[in-house]
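Observations on the model geometry
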Amino acid sequence: PDPDPNPNPNPSRSPSANPDPDPSPNPNPSPTQQPTTPKQTPAKPNLTKPQPQLTRPKTYLYTPASLVIPRWAQQDGAVCIDGTPAGYYLRRGQGANASKWVLFLEGGGWCYSNHTCLERRTRFFSMGSMNARPKSFGFKHGFGSTDPTTNPDFWDWSTVFFIYCD
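Residues numbered from 1 in each chain as written. Predicted model: local features only at pLDDT ≥ 70, side-chain atom pairs only at ≥ 80, totals over all residues. Heavy atoms only, no water.

Okay, the environment of Met 130 next. Residue placement: Met 130 occurs in the loop between helix H1 (114-119) and strand E4 (136-137). Remark: the alpha-carbon pair of Met 130 and Cys 165, spanning 35 residues in sequence, is separated by 7.1 Å. Among residues more than four places away in sequence, those in contact with Met 130 are Leu 67, Ile 69, Cys 80, Thr 84, Pro 85, Ala 86, Gly 87 and Ile 163. (Helix = DSSP H or I, 4+ residues; strand = E, 2+ residues; numbered from the N terminus. Contact = heavy atoms within 4.5 Å.)

The next point concerns the state of the cysteines. Taken as a whole and judged by the stated rule, the model has 1 disulfide. Linked covalently through their sulfurs, Cys 80 and Cys 165 form a disulfide whose S-S length is 2.0 Å. Across the S-S bond linking Cys 80 and Cys 165, the dihedral sits near -85°, which makes this disulfide left-handed. Residue Cys 80 is located in the loop between strand E1 (65-68) and strand E2 (88-91), and its partner Cys 165 is located in the segment after strand E5 (158-162); the two are separated by 85 residues in the primary sequence. Side by side, Cys 80 and Cys 165 carry an identical accessibility label, which is buried. (Disulfide = S-S within 2.5 Å. Buried < 20%, exposed > 50% of the residue type's maximum accessible area, 1.4 Å probe, protein only.)

Strand order in this open sheet of 5 strands is E3-E5-E2-E1-E4, and the pairing throughout is mixed. Each end of this open sheet is capped by a strand with a single partner; those strands are strand E3 (101-105) and E4. Where E2 meets E5, 4 bridges bridge the pair, whose relative direction is antiparallel. Among the inter-strand pairings, Tyr 89 is bridged to a residue of E5, identified as Phe 161. (Pairing = 2+ DSSP bridges.)

By themselves these figures say nothing about function.
Below, the structure is given as structure tokens:
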């Protein structure tokens with residue numbers, strides 16, 4: 001007797017049974033037929049889940065800078081284009097770093113003629129005048145912020161913001 005070319009050790013299964021739990025629908029596709037793959041849909045973000053809230057340290061105290069217009073400014077010729085005395089914003093620092101200073105010079109370019117200089121009084125955020133400047137200036141972000149999480153280097157330093165009004 002010839003030996004069976006495909007012996008089946010498990011008689012309850014037929015020799016043609018596929019042991020693969022996920023058989024391909026067509027194991028030998030024709031050259032024009034592409035094998036099929038299951039489509040996966042991307043997971044959608046859970047928008048109802050609350051986002052974590054950032055908390056500021058207890059040492060944070062928002063302190064705006066106050067407008068300072070020196071009494072001597074106008075008599076000594078430190079004036080804006082419209083003749084108003086020049087000024088700056090000042091916020092005193094706190095703690096051990098209060099004697100350290102951040103000095104900021106506001107940029108603004110220059111004017112090219114009498115016309116463009118005079119135009120600054122009414123345009124470009126009233127660059128040529130102190131009249132439209134608010135009495136306090138909020139350093140809420142960046143180098144002048146008093147929040148140590150957003151300004152870890154200078155949050156407790158004294159800060160001067162020199163206003164451009166030429």
